[in-house]
Protein chains: 2
Amino acid sequence: MRRDIFQAIADPTRRAIITLIALQAMTPNAIADNFNTTRQAISKHLRILTECELVKQEQQGREIYYSLEIEKMKEIDIWMNQLRKIWEARFNQLGHVLSTMKKTKK
Amino acid sequence: MRRDIFQAIADPTRRAIITLIALQAMTPNAIADNFNTTRQAISKHLRILTECELVKQEQQGREIYYSLEIEKMKEIDIWMNQLRKIWEARFNQLGHVLSTMKKTKK
DNA sequence: ACTTTGAGCAACCGATCAGTTGCACGTATA
DNA sequence: TATACGTGCAACTGATCGGTTGCTCAAAGT
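If you check an unreviewed UniProt entry, chain A appears there as Winged helix-turn-helix domain-containing protein from Dawidia soli.

Chemist: Describe the interface of chain A and chain B, with residues and values.
Modeler: With 26 residues of chain A at the interface, the matching set in chain B holds 27 residues. The interface formed by chain A and chain B holds two salt bridges in total. Connecting chain A to chain B are two residue pairs in polar contact (both at pLDDT 80 or more). Elements that contribute at least two residues to the side of chain A that touches chain B include exactly helix 1 (5-8), helix 2 (12-23) and helix 5 (70-105) of chain A. Here the side of chain A that touches chain B takes twelve residues from helix 5 of chain A, the largest share from any one element.

Chemist: Describe in detail the layout of surface pockets, supporting the description with residues and values.
Modeler: Residues and elements named next belong to chain A. Put simply, the largest pocket is a space of about 160 Å³. Forming the walls of the largest pocket are Thr27, Pro28, Asn29, Arg39, Ser43, Arg62, Glu63, Ile64 and Tyr66. Residue assignment for the lining of the largest pocket shows that the elements contributing at least two residues are helix 3 (28-32), helix 4 (39-51) and strand 2 (63-68). The element that contributes the greatest number of residues to the lining of the largest pocket is strand 2, accounting for three residues. In terms of residue class, the lining of the largest pocket is made up of three nonpolar, three polar and three charged.

Chemist: Give a detailed account of the relation of the copies chain A and chain B, specifying residues and quantitative values.
Modeler: Expressed as a screw transformation, the operator carrying chain A onto chain B has a rotation angle of 180° and an axial translation of 0.0 Å, and the superposed copies differ by an RMSD of 0.1 Å. Viewed as a symmetry operation, the transformation between the two copies matches a two-fold axis. Residue A:Ala10 of chain A places its C-alpha closer to the rotation axis than any other residue of that unit, at 2.9 Å. Both copies share a contact surface, since 100% of the interface residues of chain A are interface residues in chain B too.

Chemist: Give a detailed account of the nonpolar core, specifying residues and quantitative values.
Modeler: A general trend in soluble globular proteins is that nonpolar side chains are found buried together. Core analysis: the biggest nonpolar cluster contains 52 residues, and A:Leu54, A:Leu68, A:Ile76, B:Leu54 and B:Ile76 have the highest contact counts within it. What B:Ile76 contacts, discounting residues up to four positions off in sequence, is A:Ile76, A:Met80, B:Ile5, B:Phe6 and B:Ile9.

Rules used in this analysis
Residue indices begin from 1 for each chain and proceed along its sequence in written order. Working convention: letters from A go to chains and numbers from 1 go to ligands, in the order in which they are written. In view of the model being predicted, local features appear only for residues whose pLDDT reaches at least 70, and side-chain atom pairs are presented and counted only at 80 or more, with totals across whole chains, interfaces and linings using the full set of residues. Excluded from the side-chain calculations are hydrogens and water; all other atoms, namely the structure's heavy atoms, are used. By definition in these notes, contact holds between two residues if any of their heavy atoms fall within 4.5 Å. Note on definitions: salt bridges are taken to be side-chain nitrogens of Lys or Arg within 4 Å of carboxyl oxygens of Asp or Glu. Polar contacts, as counted here, are pairs of nitrogen or oxygen atoms within 3.5 Å of one another; within protein the pair requires one atom able to donate a hydrogen and one able to accept it, and residues that are adjacent in sequence qualify only if both atoms are side-chain atoms. The numbering of helices and of strands both runs from the N terminus, where a helix is a DSSP run of H or I of at least 4 residues and a strand a run of E of at least 2. Using only the protein atoms, space was sampled on a 1 Å grid; points where a 1.4 Å probe fits but cannot get out form cavities, open sets with protein on both sides within 12 Å along at least five of seven lines form pockets, and lining residues are those with an atom within 4 Å of a point. Grid points are joined across faces, edges and corners, and a volume is the space filled by probe spheres set on the points. We call Asp, Glu, Lys and Arg charged. Ala, Val, Leu, Ile, Met, Phe, Trp, Tyr, Cys and Pro are nonpolar, and the rest, Gly among them, are polar. Least squares is the method used to superpose the copies, on C-alpha atoms of residues holding a pLDDT of at least 70 in both. Take the buried Ala, Val, Leu, Ile, Met, Phe, Trp, Tyr and Cys residues and link them wherever side-chain atoms come within 4.5 Å; each set so joined is a nonpolar core. The buried label applies to any residue whose accessible area, calculated with a 1.4 Å probe on protein chains only, is under 20% of its type's maximum; exposed applies above 50%, and partly exposed to all values in between.

See the structure below:
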């Protein structure tokens, strides 16, 4: 199974779950109350989120509290920053080309 | 069709395409040279990226150059920042709880 | 002990996805 | 004008997805 973060956050329901549990740990039932689906469907989403370590569980009696693994979210930042770097490199390159053109003109 | 950015970047091939054209505009054929798939498959990916405005086209004779729409990428930043805000709010709240506990202890 | 409650797991279903093959169309080039 | 090239589009296929229903199991409540 090729579960990665980007696939995990692709689904709107999963993004909503992430937003929900970002504020406080919640049980599957409590999470499901916020959606128009069955608890099992939410459970499936939680399994996917757990599989790619975006979420961690904490058993408390027969209840399981799910909370966000903030560190893992940074992987998205990392990708975005890599992209920004490439973009800036391109921008500098363009600047270089422009200054070269200027020089040539001289 | 519910094409949104998050679904667009869920696919690894599409992320690779984004990284490729972030540096410079490229034609579908040139892009396809970097992958083990057919040109048509890449064309499909480009259509999806175009549909959610992550990519823009520029016709040049019979060739079409695709380049990255950096502004659109910021939508990911926006979501991440919203999440960060929630996370920080939670952190402050936790701090408040801790200080309240301290006071109670006194 | 019996019942209720919270939760995960498995099997199924329709929809969507990523990829392929085949085709059509416009633009260069000979 | 005939041919090669670059591209998009449509139809098909196997795989995956998101969701439902039904089951089991363990922990709480009576």
